[in-house]
Amino acid sequence: DSGVTQTPKHLITATGQRVTLRCSPRSGDLSVYWYQQSLDQGLQFLIQYYNGEERAKGNILERFSAQQFPDLHSELNLSSLELGDSALYFCASSVWDLLRGKAGELFFGEGSRLTVL
Amino acid sequence: GQNIDQPTEMTATEGAIVQINCTYQTSGFNGLFWYQQHAGEAPTFLSYNVLDGLEEKGRFSSFLSRSKGYSYLLLKELQMKDSASYLCAALGAGNMLTFGGGTRLMVKP
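Participant: Pulling in residues and values, what's your account of the overall build of chain B?
Facilitator: Of the regular secondary structure elements, chain B holds zero helices and 11 strands. In sequence order, chain B lays out its α and β elements as β-β-β-β-β-β-β-β-β-β-β. Relative to its length of 109 residues, chain B is compact, with a C-alpha radius of gyration of 13 Å against a globular reference of 13 Å. When the backbone C-alpha atoms are referred to their principal axes, chain B occupies close to 40 × 30 × 20 Å. Across the 109 residues that make up chain B, the buried fraction comes to 48%. In chain B, once contacts between residues fewer than 6 apart in sequence are set aside, the share between residues at least 24 apart is 56%. Only carbon and sulfur atoms are counted for the fraction: they give 50% of the accessible area of chain B, which is about 5000 Å².

Participant: A description of the environment of asparagine 30 of chain B should follow, citing residues and the corresponding values.
Facilitator: Structurally, the position occupied by asparagine 30 of chain B is in the loop between strand S3 (18–25) and strand S4 (31–37). Along the backbone, asparagine 30 of chain B and valine 107 of chain B are 77 residues apart, and their C-alpha atoms lie at a distance of 32 Å.

Participant: How would you sum up unusual backbone geometry? Please name residues and give values.
Facilitator: Note the cis peptide between threonine 7 of chain A and proline 8 of chain A, where omega equals -10°. Mapped onto the fold, proline 8 of chain A is located in the loop between strand S1 (5–7) and strand S2 (10–13). Positive phi, close to 45°, is recorded for serine 80 of chain A, a residue that is not glycine. If you trace the backbone, serine 80 of chain A turns up in the loop between strand S8 (74–78) and strand S9 (87–94). Even without a glycine there, the phi angle at glutamate 77 of chain B is positive, about 45°. Along the chain, the position of glutamate 77 of chain B falls in the loop between strand S8 (70–75) and strand S9 (84–91).

Participant: An account of the sheet that holds strand S3 (residues 19–24) of chain A is needed here, citing residue identities and associated values.
Facilitator: Strand pairing in a sheet is mediated by backbone hydrogen bonds. Such pairs are either parallel or antiparallel. Residue and element names in this part refer to chain A. In spatial order, the strands read S1-S3-S8-S7; together these four strands make up an open sheet with antiparallel pairing. Strand pairing shows two members of the sheet lacking a second neighbour, S1 and strand S7 (64–68), which therefore form its edges. Adjacent strand axes in the sheet meet at a mean angle of 15° when their direction is disregarded. With three bridges connecting them, S1 and S3 associate as antiparallel partners. Across the sheet, glutamine 6 pairs through a bridge with cysteine 23, a residue of S3.

Participant: Residues and numbers for the interface of chain A and chain B, please.
Facilitator: Contact with chain A, which involves 22 residues of that partner, is made by 19 residues of chain B. When chain A packs against chain B, close to 1600 Å² is buried across both sides, 61% of that on carbon and sulfur atoms. Joining chain A to chain B, the criterion identifies three residue pairs in polar contact (both at pLDDT 80 or more). Mapped onto the side of chain A that touches chain B, the elements with two or more residues apiece are strand S4 (31–37), strand S5 (44–50) and strand S6 (53–57) of chain A. In terms of residues, the side of chain A that touches chain B owes the most to one element, S6 of chain A, which gives three residues.

Participant: Summarise the side chain of glutamine 37 of chain B; cite the residues concerned and give the values.
Facilitator: Note that glutamine 37 of chain B resides in strand S4. Taking the relative accessible area as the measure of exposure, glutamine 37 of chain B reaches 7% and is therefore buried. Only 2.9 Å separates the side chain of glutamine 37 of chain B from the backbone oxygen of glutamate 41 of chain B, close enough to count as a polar contact. For glutamine 37 of chain B, the residues in contact, after removing those within four places along its chain, are Gln37 and Phe90 of chain A together with Ala42, Pro43, Ala84, Ser85 and Leu87 of chain B.

The rules behind these values
- Residues numbered from 1 in each chain as written.
- Chains lettered and ligands numbered in written order.
- Predicted model: local features only at pLDDT ≥ 70, side-chain atom pairs only at ≥ 80, totals over all residues.
- Heavy atoms only, no water.
- Helix = DSSP H or I, 4+ residues; strand = E, 2+ residues; numbered from the N terminus.
- Rg over C-alpha atoms; globule rule 2.2 N^0.38 Å.
- Buried < 20%, exposed > 50% of the residue type's maximum accessible area, 1.4 Å probe, protein only.
- Contact = heavy atoms within 4.5 Å.
- Areas by Shrake-Rupley, 256 points an atom, 1.4 Å probe, with all protein chains shown as cover.
- Pairing = 2+ DSSP bridges.
- Axes fitted to C-alpha atoms, helices over the stretch in contact; angles between N-to-C directions.
- Buried area = accessible area lost by both parts, 1.4 Å probe.
- Polar contact = N/O pair within 3.5 Å; in protein donor to acceptor, adjacent residues only side chain to side chain.

Pasting the structure below:
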């Protein structure tokens, strides 16, 4: 158990719909990341937040948005869903301590598997 | 931008040693990380290198050469449970952690 909680674990929806994925980071971690992993593909970086503010942005579609709330949990919103959005969405958290080399040590949640029909 | 290359698949025999290579191109390099991911599961952190050289942790070791943009993960005394994908990731400009496509390792009896 990494300490990162993601809900829902599975989600099936139709094209054109909107869904929200939720993530609670490990206690004490200020940084939250979202990654997308399609079938047999690598992890594609979407976005990173640190203490409520956007820190880095990857190839995140305009139909996708995210935020980190004051209690540090984060939500990833996916709208106007397309078949190609079907994937495993991982949330990860870290303490983000560059000096101690902890910035890249991410703790991943179990992922939210999204299926768009 | 950042670019990370690693082999797609490798096969090795139980009890043997395997080396998984990774080459990277990134600006503002802040470290090289290796993760293990079993099918359908979350990635888990294995190792971190920021200085040149070898870091050993039990059966797993990771090496980094910053001048060559090269790293490898060495797995010794392979076990069947080591069958998994191994992801190389570089921490670069903008403090963004970018992952390679992963190397799927199959350990055979």
